[in-house]
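Notes for the structure review
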Amino acid sequence: MAQLMNTPLELLIVIFNFVLKPHHLAALCLVNRAFNRFATPLLYRQIYIFPWHKDSKSKVFSLFSTLDECPHLAAYVQTLEIRDFPKGLSTEDHSYLSGRCIRAIQQCTNLRSCTWTKDGSIHSELLESLLNCQQLRELEINGNSAGYDPLILTQFQNLRKISLIMPSVRVLSVLPMWIKASGATLRNLRIICKAWNNTRYLQQTLNKCVQASTHVTDGLLESLSPNLAELECLHIFGCPKVTHKGIGALVSANRSGLFAINLEHLSLSFDMGVFRILCHRTQAFRRLRTITLTVPAHTSMSDWARDVHDLLGSAPLEAFELYSTNVLSDTQMAGDFWQKMVTSHGFRLKRISVHRIRVNLATLHIICSQCPRLEQLFVETERRDLERAVSSFSLARNLRSLHINFPLARSEAPTPPAATMHTALSISSRCSPTLTHIGFNTQVWQVSGAVFTLLFRFSSAKQVMRVVRAYENGEEHTEPTLVPRENPEIPEQFLVGTM
């Protein structure tokens, strides 16, 4: 500690940037004035409240009371991510909290990114307070406009990213006007109309958004396209009325070419062959790095796979993700599809993600042996094939994240945590030393340098340290051992989509 206290002040900011947990930064703020000077801005730079945080709703009160009363702290906030918010408050409490939020946000003069997704928690005064944040460039909001006037949205005119979660018909009606006002700077557009989850709460939320999702149509996207010429990233999810015509209009109007496109759970009438021809004619994917597609349930798999390969022929692709519309589908992509994809893009591909489509051992070998830059691999395979699949995983010498899903029969009991841990450690030890994450189904392990981190649902987080040992011939090797985990930030059921 004495050595740290003697560290030159200009190095403290560098060191403190490696401190991840807010309560650790809070502790640094209490050491002395010098530490407080450098740690406080980092503590307030990025603020997030998630539903799974303990006492998340009471933290909302505490957060906005602090920012309201301390303008100098509010000025440090650059990212504000509010995904939970108290509901069912008395009129007095609701008015008190709303006032705190409005005044606090007005004082966040350096706010660049705001996420506010709790259904029914946004009101007009809140949006108007965000208009005072002149540095705001990214806005993600819940599209349920029952509490606010959607016309206010059209006043946000310098945004680089707009994300609408389950937008209402009223919000969609002003979207063309909003996009026209923001089109010159807008680079990222996300419209998410459905939540896919079997929990009762999210199913109720899904029922609320069904009407809205049918109003996201080809006609709406065509009306947006003239003002999205500079768009770089497009994400459309859960819009059953959107076909190749609407998406085609967006990509055709793009001047520079998209970097990323996600097309998930769209219309069954989406014709990949027609879309391929349109994109070739306009060279829409000449800069495309990332693509996510949903495999349609009722179409010829061979024709669809051929069209996808041809669609991406000229794209400098680095990340390729596929989803099946049927959970735990027995559909398997033909081996020649993967061989063609790897032949065309393998030397660039860094991420391959295949969900709800079982990948056989031959395909795994093709992917791992012929993609030298592969860093992230998400696949579904049979549990009985895990041991044989390791020989393929070990061929990916730059692999950093590996997640394996395997189906469980309805009558099959989940594997005991100890057995799952043993399997994970066994596979990890035979993979590339670059590996930083490994997961099975809903369990995820994180590797940080020489550290493996294990998380189990509904249990405490652990770390696995690699201990260096030597064989009798003097050759060194590593053996994992468990120690308490240092940085349990996000529940592992959410990590599968964030690694």
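Located above this text is the structure these notes cover.
Here is what the cut-offs are and how they apply
- Residues numbered from 1 in each chain as written.
- Predicted model: local features only at pLDDT ≥ 70, side-chain atom pairs only at ≥ 80, totals over all residues.
- Heavy atoms only, no water.
- Buried < 20%, exposed > 50% of the residue type's maximum accessible area, 1.4 Å probe, protein only.
- Helix = DSSP H or I, 4+ residues; strand = E, 2+ residues; numbered from the N terminus.
- Polar contact = N/O pair within 3.5 Å; in protein donor to acceptor, adjacent residues only side chain to side chain.
- Patch = residues over 30% accessible without salt bridge, like charges linked within 9 Å, V, L, I, M, F, W, Y side chains within 5 Å.
- Areas by Shrake-Rupley, 256 points an atom, 1.4 Å probe, with all protein chains shown as cover.
- Salt bridge = Lys/Arg side-chain N within 4 Å of Asp/Glu carboxyl O.
- Phe/Tyr/Trp six-rings, centres within 6.5 Å; stacked < 30°, edge-to-face > 60°.
- Axes fitted to C-alpha atoms, helices over the stretch in contact; angles between N-to-C directions.
- Parallel < 35°, antiparallel > 145°, perpendicular 65-115°, else oblique.
- Left-handed = near helix turned anticlockwise from the far one by under 90°.
- Contact = heavy atoms within 4.5 Å.
- Nonpolar A, V, L, I, M, F, W, Y, C, P; charged D, E, K, R; others polar.
- Core = buried A, V, L, I, M, F, W, Y, C linked by side-chain atoms within 4.5 Å.
- Disulfide = S-S within 2.5 Å.
- Expected span 1.5 Å × (residues − 1).
- Bend = angle between axes of the 7 residues up to and from the residue.

1. Topic: helix α16 (residues 361-370)
Regarding α16, the residues found buried are T363, L364, I366, I367 and C368. Its side-chain oxygen placed 3.3 Å from the backbone nitrogen of A362, N360 serves as the N-cap of α16.

2. Describing a nonpolar patch on the surface
Taken together, L11, V14, I15 and F18 make up a surface patch of nonpolar side chains, about 390 Å² in accessible area. With respect to the helices, strands and loops of the structure, F18 is situated in the loop between α2 (9-16) and α3 (22-29). On the basis of relative accessible area, F18 is assigned to the exposed category, the value being 69%.

3. Some thoughts on the packing of aromatic side chains
A complete count under the given rule lists eleven aromatic pairs for this structure. Between F16 and F35 the ring centres are 5.3 Å apart and the planes differ by 65°, which places this aromatic pair in the edge-to-face class. One end of the pair, F16, is in helix α2; the other, F35, is in helix α4 (residues 33-45), with 19 residues separating them in the sequence. Assigned by exposure class, F16 and F35 land together as buried. Pairing F275 with F285 gives two aromatic rings, centres 6.1 Å apart and planes at 70°, and the pair type is edge-to-face. Of this pair, F275 sits in helix α13 (residues 272-282) while F285 is found in the loop between α13 and β9 (290-295), placing the two residues ten residues apart along the sequence. Both residues of the pair, F275 and F285, belong to the buried class. Each member of the aromatic cluster is reached from another via a ring pair, and the members are Y48, F50 and W52.

4. A few points about the packing of α3 against α4
Between α3 and α4, whose axes approach to 8 Å, the crossing angle comes to 155°. Classified by the angle their axes make, α3 and α4 are roughly antiparallel. As for how α3 packs across α4, the hand of that crossing is left-handed. The segment α3 lies against α4, with P22, L25, A26, L28 and C29 engaging F35, N36, A39, T40, L42 and L43. Considered class by class, the residues forming the contact of α3 with α4 number nine nonpolar, two polar and no charged.

5. Re the environment of L43
Along the chain, L43 turns up in helix α4. As a C-alpha pair, L43 and F16 span 27 residues in sequence and 9.8 Å in three-dimensional space.

6. Focus: the nonpolar core
With 114 residues, the main nonpolar core has W116, I247, F285 and F320 as its most contacted residues. Look past the residues within four positions of I247 in its chain and what remains in contact with it is L221, I236, V242, I261, L263, L266, F270 and F275. Ranked by size, the runner-up nonpolar core spans nine residues in total, among them F16, L28, C29 and F35.

7. Comments concerning the state of the cysteines
Within this structure, the stated rule accounts for zero disulfides. Unpaired in this structure, C368 has its nearest cysteine sulfur neighbour in C371, at a distance of 7.9 Å. C368 sits in the buried class, given a relative accessible area of 1%.

8. Let's talk about α4
When the terminal C-alpha atoms of α4 are compared, their 19 Å separation across 13 residues agrees well with the 18 Å that a helix rising 1.5 Å per residue should span. In α4, a bend of some 30° at A39 exceeds every other bend along the element, and P41, a proline, comes one to four places later.

9. What about unusual backbone geometry?
One non-glycine residue, D55, adopts positive backbone phi at about 55°. On the secondary structure map, D55 appears in the loop between β1 (46-49) and α5 (56-69). Of note, R356 is a non-glycine position whose phi angle comes to about 65°, a positive value. With respect to the helices and strands, R356 occurs in strand β11 (residues 351-358). For R356, a relative accessible area of 31% translates into the label partly exposed.

10. Digging into the environment of T243
Mapped onto the elements of the fold, T243 is located in the loop between β7 (233-239) and α12 (244-253). Spatially, the C-alpha atoms of T243 and S269 are 6.1 Å apart, while their sequence positions differ by 26 residues. Excluding anything up to four places from it in sequence, T243 contacts D218, S267, S269 and F270.

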